Each structure stands twice: as structure tokens, then as C-alpha cells.
Amino acid sequence: MSKFTKRISNGIIAENPTFVLMLGMCPTLATTTSAINGLSMGLSTTVVLILSNMVISLLRNIIPDKVRIPAFIVIVASFVTMVQLLIKGFLPALDSALGLYIPLIVVNCIILGRAESCASKCGIFESAGDGIGMGLGFTAALTAIGLVREILGAGSAFNFKFIPETFNISIFVLAPGAFFVLGCLQAVLNYFRISKPAVNADGEPIACGGNCAACVGGVCASNQKKIDDVKAEEAAKAAAEKAAKAKAAAEAKAAKAAAEAKKSE
């Protein structure tokens, strides 16, 4: 797998910015009242992410290290302004729905984080792959959250109504519903990601499950105890082996001395 495709798959699955890295929570919770809003916000962020990553990668050897963050913000702000003007001109209804969150893409921690960790250190193609992967991962997450909230809260999907209004649960299109849906989807994904525990060299499961990407430190004490027990067992085994070797050497020495004494007689 090339670095380009690896970056794309990494951003969509292994390091999904919403469900794994938990970045960009403000637009995630605020703009996902419907699937279309979530999809639109995700695609807007994706465009800015790809273009800013590519430009920052091209200029990474020119931008002084001391002013790199302000330079990143200026580059990102330029692309955000272009995207915002295009949405205002061609999709005014969407501009009204997303409101302030389009210009706030400038300070989205996903974009600045990828600029700092990837684009400023990698080539243009790898940076573009990183932008595509992270953008598609963010878009998929926002669309999924928006779709669940729209179905439960408004009885529709992509503005297609199929559940009577009587059965709508309006809390899901409000702020508490965003937290609830995000938490539930996170729990489901964590179940599948951490379903198979890791094992040590002896085939025994380790206490934390071995999933470092999803570690929250809740089993550190348990895992540390297991590590200490393994170390103590290894130390005892080494001491027993050393004692056995010393005893065998002493017995061999005694046997040799006895054989020499018998021979001298």
C-alpha cells in the first residue's frame, strides 16, 4: 500500500477525526441536525483540508518556524473564504442553515492539527492523501450522526419524510440529542474496534486489551499489576535456574574431587 492510499484509509478508519481522535466537536454537534447539513459541512471542510494541506506542504520549507501557525491560519482562511462565497452564491439556503460554522472552519482543530502534524512535514501527494482521508472520515461521521438525528427527530432522511410526525422524538434535533447520538455511535464503533483482546507472548490476554489508540487509562492499574506479576514470575524463574546451575556445578565439582581422591588411593 502506497503512502497516499495509506493516508486515506488511515483518516477514514484508524484515525477517524470524530470517532477516534474526537476532534472538531463543535461543528459535529451543532450542524448535524440533518443528514444534508452534516454532509455539506463535511464536504466543505474536506475541500479546505485538501487544498490547505497541499499549499502548506509546498511552502513548508519557506515558512519560518516561528510564524508557522499564523501562516497556516492565513492559508486556511483564504480557502475558507472561497468556499463560503461559493456557498453564499450558489446555495444560500445551506449558507443560512450552517451559518457561523462555515467561517469557523478556519480554527477547526482537525485542519490546524493536520497542517502541523502532516502537511508541514510531508510531500504534496502524501499531504493531499491525508486531507482526503481525514475529510472523508469527518464527512462520513457527520453524515451518520445527522442521519440518525434526522430519522429519530424529524422522521425523514435527506429531507425525504417517511415517518409520521406523531412518532418523532424532537429531542434528537436539539443539543442533547447530538450528545446522545454521538455517544451511542462511539460506543458501537468501540465495541467492534476493541472486541478482540490482545495477547502477550504466552497467548494470555493483557489487561488493557492492547488497543492503544482507544486507551483512556481506565485499566492502567490492572495492567500494571499484571506486568509486575509477570516480571516477578520471570525473576523467580531466573533465580531458580541460577540456583539449579550452581547446585549442578557444586555436585559436579564434588564428584570430580571424589573421583580424584579415589584415584590417588
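Now for a description of the structure that goes with this document. (Residues numbered from 1 in each chain as written. Predicted model: local features only at pLDDT ≥ 70, side-chain atom pairs only at ≥ 80, totals over all residues. Heavy atoms only, no water.)

**Observations regarding the state of the cysteines**
Selection rule: Any cysteine sulfur atom paired with another within 2.5 Å is treated as part of a disulfide.
Here the structure, examined in full by the defined rule, presents zero disulfides. In this structure Cys26 is a free cysteine whose sulfur lies 7.9 Å from that of Cys109, the closest cysteine sulfur available. No disulfide involves Cys118; its sulfur sits 3.9 Å from the nearest other cysteine sulfur, which is in Cys122.

**Observations concerning the pattern of salt bridges**
Inclusion rule: Salt bridges are defined by distance alone: a side-chain nitrogen of Lys or Arg within 4 Å of a carboxyl oxygen of Asp or Glu. Partly exposed describes any residue whose relative accessible area lies between the buried limit of under 20% and the exposed limit of over 50%, with all areas from a 1.4 Å probe on protein chains only and scaled to the type maximum.
Applying the stated criterion across every chain, the model contains six salt bridges. Here Arg68 ties to Asp65 by a salt bridge, and the two come within 3.5 Å at their closest N and O atoms. Arg68 sits in the partly exposed class, given a relative accessible area of 26%. The class of Asp65 is exposed, set by a relative accessible area of 54%. Between Asp95 and Lys88 there is a salt bridge, with the nearest N and O atoms lying 3.3 Å from each other. Its relative accessible area of 44% is what places Lys88 among the partly exposed residues.

**A look at the environment of Met41**
Condition: Secondary structure elements follow DSSP: runs of H or I no shorter than four residues count as helices, runs of E no shorter than two count as strands, and numbering proceeds from the N terminus. In what follows, a contact means two residues having at least one pair of non-hydrogen atoms within 4.5 Å.
Within the secondary structure layout, Met41 lies in helix α3 (residues 35-58). We classify Met41 as buried; its relative accessible area is 1%. Met41 sits 60 residues away from Tyr101 along the chain, and the two C-alpha atoms are 8.3 Å apart. Discounting chain neighbours no more than four positions away, the residues touching Met41 are Pro27, Thr31, Leu98, Tyr101, Ile102, Ile105 and Leu142.

**Section: unusual backbone geometry**
Peptide bonds are, in most cases, trans, and in most cases residues other than glycine have a negative phi. Even without being a glycine, Met22 presents a positive backbone phi close to 55 degrees. With respect to the helices and strands, the residue Met22 is situated in the loop between α1 (3-14) and α2 (25-30). The phi torsion at Asn159 lies on the positive side, around 70 degrees, for a residue other than glycine. With respect to the helices and strands, the residue Asn159 is situated in the loop between β1 (156-157) and β2 (160-161).

**Here we look at the nonpolar core**
The criterion, for reference: As used in this record, nonpolar core signifies buried Ala, Val, Leu, Ile, Met, Phe, Trp, Tyr and Cys residues forming a set joined through side-chain atoms within 4.5 Å.
Formed by 24 residues in total, the largest nonpolar core has its most connected members in Met41, Val48, Ile56, Val80, Ile102, Ile105 and Ile111. Of all the elements in the fold, those that place two or more residues in this core are α3, α4 (68-90), α5 (92-98), α6 (109-119) and α7 (124-154). Here this core gets seven residues from one element, more than from any other, and that element is α4. Judged by nonpolar contacts, the second largest core, of eight residues, contains Phe19, Ile145, Ala178 and Leu182.

**Some thoughts on α6**
The criterion, for reference: What the arc describes is the spread of directions from the helix axis to the C-beta atoms. Any pair of N or O atoms that falls within 3.5 Å is considered a polar contact. Within protein, one atom must be able to donate a hydrogen and the other to accept it, and sequence-neighbouring residues count only if both atoms are side-chain atoms.
Restricting attention to buried positions, one finds in α6 the residues Ile110, Ile111, Arg114, Ala115, Cys118 and Ala119. Taken end-on, α6 shows its buried residues confined to a sector of 130 degrees, consistent with a single buried face. Check the buried side of α6 and you find it contacts α1, α3, α4 and α7. A side-chain oxygen of the first residue of α6 lies 2.9 Å from the backbone nitrogen of Ile110; this N-cap is Asn108.

Functional significance is not addressed by these values, which are geometric in nature.
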